[in-house]
Amino acid sequence: MKDKYMGRINLKCDVCGGDQFSHESDEEIVCAECGKEYTKEELIDSNSEELDNRKDELLDDVKKDLEKSMKDIFRKWR
Ligand SMILES: [Zn+2]
């Protein structure tokens, strides 16, 4: 679920400004433009401003998703 929401944020490379990354693994993210390697934490850290700006928007989406699955659960119980 975390990755689903992460994928909607345009993370940018600190070095070249590129926004294409390949995920080698959960802990290793490589910039497709310049090859700079990040850990997830480093990438999130260098994009914390953008993440902050989008936080409310993302929270809304999370809430909507939760409401939807709650409704699904209640429907099954009926
Ligand atoms: Zn780069």
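Going by the structure above, here's the rest.
Structure report, in brief. (Residues numbered from 1 in each chain as written. Predicted model: local features only at pLDDT ≥ 70, side-chain atom pairs only at ≥ 80, totals over all residues.)

What follows is about the overall build of the protein chain. Along its length, the protein chain carries three helices and three strands. Seen in sequence order, the protein chain has helices and strands lined up from the N terminus as α-β-β-β-α-α. Expressed as a percentage of its 78 residues, the buried residues of the protein chain come to 6%. A sequence separation of at least 24 residues applies to 22% of the contacts in the protein chain between residues at least 6 apart. (Helix = DSSP H or I, 4+ residues; strand = E, 2+ residues; numbered from the N terminus. Buried ≥ 20, exposed ≤ 12 C-beta atoms within 10 Å, placed from the backbone. Contact = placed C-beta atoms within 7 Å.)

Further remarks concern the sheet that holds strand β2 (residues 29–31). Spatially, three strands are ordered β1-β2-β3 in an open sheet, and the strand pairing comes out antiparallel. The strands lining the two open edges of the sheet, one partner per strand, are β1 (21–23) and β3 (37–38). Two elements, β1 and β2, share three bridges in a ladder whose sense is antiparallel. Pairing of histidine 23 across the sheet is with isoleucine 29, part of β2. (Pairing = 2+ DSSP bridges.)

For the rest of this paragraph, the subject is helix α3 (residues 48–77). Helix length check: α3, at 30 residues, gives a terminal C-alpha distance of 41 Å against a target of 44 Å (1.5 Å per residue), a fit within 8%. At lysine 55, α3 shows its strongest bend, of approximately 50°. α3 sits mainly on the outside: zero of its 30 residues count as buried. (Expected span 1.5 Å × (residues − 1). Bend = angle between axes of the 7 residues up to and from the residue.)

A few words now on the environment of serine 22. Considering the arrangement of structural elements, one finds serine 22 in strand β1. Measuring from C-alpha to C-alpha, the distance between serine 22 and glycine 35 comes to 9.4 Å, with 13 residues separating the pair along the chain. The contact partners of serine 22, leaving out residues within four places of it in the chain, are Val30 and Ala32.

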